[in-house]
Amino acid sequence: MGIAVAKLEAWMRDYYHKVDHDIGSSGVRDLSMAELRALCDFELSELDSLVLHDSEAYGGPGLRAALADRWTGGDIDSVMVTHGSSEAIYIVMHTLLKAGDEVIVVDPAYQQLYDIAGSKGCRITRWPLRADRGFRPDMELLRELAASGPRMIVVNFPHNPTGVSITAEEQDELIAIAAASGAWLVWDNAFGEMTYTADPLRLPHDRYDKVISFGTLSKSYGLAGMRVGWCLAPRELHEEMAVLRDYIALYVSPVLEFFAEKAIRNADRIVAFQREHANANLKLLRDWAAGLPELVRLTPPDGSVTAFVEFPRLPDVERSCRRLAEEHRVLLVPGMCFGDDFRSYTRLGFGGTTAELTAGLSSLEQVLREDSRTVAAR
């Protein structure tokens, strides 16, 4: 079976590098090398002793140890370093799934979390986050869906694109549902450290043995250009994943691992720095939306740096997003990138600089007013 076009990545390919202001991406503002060095207290001269030989299939020992200390209580065997979380997602899906397997996935979702499985002939069952519930997860519905005994349940909280999350009690319930069905629980933790309404959730590994979690430096850290992520899973699964990885990328560059290890060892400082900035931008976004009640419906996120915003007076949100990019050089992601049921929505990212967000919202407001007037005049 052929794999579907990744709509979000295709949209980014068309516009990401052709705009002046980005209010569509899902990461925090990018750090410069000078900022990274200041936050992590190191000098570039430390690279002089780095020998540019091959790294290891599961990741270099220094970075794996740093990740293990942060996430797995020091258990390095459960850590694999990957090229972003996207490589981990791809390899996990191809390693564990076969045609006919059922995969339950939160909906809407990042397309890679379900279409890789779909390309293998898996049955995709949607667990919808409904707008009329404020995108709050319906645990009882998940329990009903999981009664069929799926091979895998795939979630990410805080959620992309809505930013909603679950409580610690709901997380326990979710783990219990996965355990009762015998499913692998895939926990995409890309935004796990960037929360506003509650403390970050614990990873589920200590409560269930069939858990796989993904992490990345792209979202909460502002280090997307490093393309470093990780997969936490049982060692036996990593051994199976390495067989496929031998045909793809082999390992992550030791140069990237050098910087990634510095970032992980100083993660609390970096994330706190970015969270303070993102929280201030979220207040700016909420105030902007409150001033446009007839044009904008915003469900404030619990975490991440994205919101799923509805524009009820626009009949063609995708067209308006294209006009915003092509005429105003502002990036916004249309909801169709997350499925055909979300064409009246956009993913609005507020993690960039405050100046970028302010300029982007100003242009967006202009397009909203112009396009809504055009519709009203028909």
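For the structure, see preceding data.
Keep in mind it's a predicted model, so treat the numbers as computed, not measured. Here the residue numbering is sequential within each chain, running from 1 through the sequence in written order. Reporting of local features is limited, given that this is a predicted model, to residues whose pLDDT is at least 70; pairs of side-chain atoms are given and counted only at 80 or more, and all residues count toward the totals for whole chains, interfaces and linings. Hydrogen atoms and water are omitted, and side-chain values are computed over all heavy atoms in the structure.

(A) Up close: the packing of helix 4 (residues 84-96) against helix 8 (residues 235-245). At their nearest, the axes of helix 4 and helix 8 sit 9 Å apart, and the two run at 105° to each other. It follows that helix 4 is roughly perpendicular to helix 8 by the angle criterion. Touching Glu 87, Ala 88, Ile 91, Val 92, His 94, Thr 95 and Leu 96 of helix 4 are Leu 237, Glu 240, Met 241, Leu 244 and Arg 245, all from helix 8. A class-by-class count of the residues in the contact of helix 4 with helix 8 yields seven nonpolar, two polar and three charged. Convention adopted: a line fitted to C-alpha atoms gives each axis, helices being fitted over their contacting stretch, and angles between N-to-C directions are expressed from 0 to 180 degrees. Helix and strand assignments follow DSSP, with helices taken as H or I runs no shorter than four residues and strands as E runs no shorter than two, numbered in order from the N terminus. The labels follow the angle: roughly parallel below 35 degrees, roughly antiparallel above 145, roughly perpendicular from 65 to 115, and oblique for the rest. Note on definitions: a residue-residue contact is assigned when non-hydrogen atoms from the two residues lie within 4.5 Å. In this classification, Asp, Glu, Lys and Arg are treated as charged, Ala, Val, Leu, Ile, Met, Phe, Trp, Tyr, Cys and Pro as nonpolar, and every other residue, Gly included, as polar.

(B) Main features of the layout of surface pockets. Size it by volume and the largest pocket reaches roughly 910 Å³. Lining residues are defined by having an atom within 4 Å of a point belonging to a cavity or pocket. Those points lie on a 1 Å grid over the protein atoms alone, cavities being sets where a 1.4 Å probe fits but cannot get out and pockets being open sets with protein on both sides within 12 Å along at least five of seven lines. Residue lining of the largest pocket: 40 residues in total, with Tyr 16, Ser 25, Ser 26, Lys 219 and Ala 224 positioned closest to the centre. Grid points are joined across faces, edges and corners, and a volume is the space filled by probe spheres set on the points. Estimates place the volume of the second largest pocket at around 300 Å³. Lining the second largest pocket are 23 residues, and of these Ile 166, Thr 167, Ala 168, Ala 198 and Leu 201 lie nearest its centre. Element by element, the count of residues in the lining of the second largest pocket is highest for helix 7 (residues 168-181), at four residues. Class assignment for the residues of the lining of the second largest pocket results in nine nonpolar, seven polar and seven charged.

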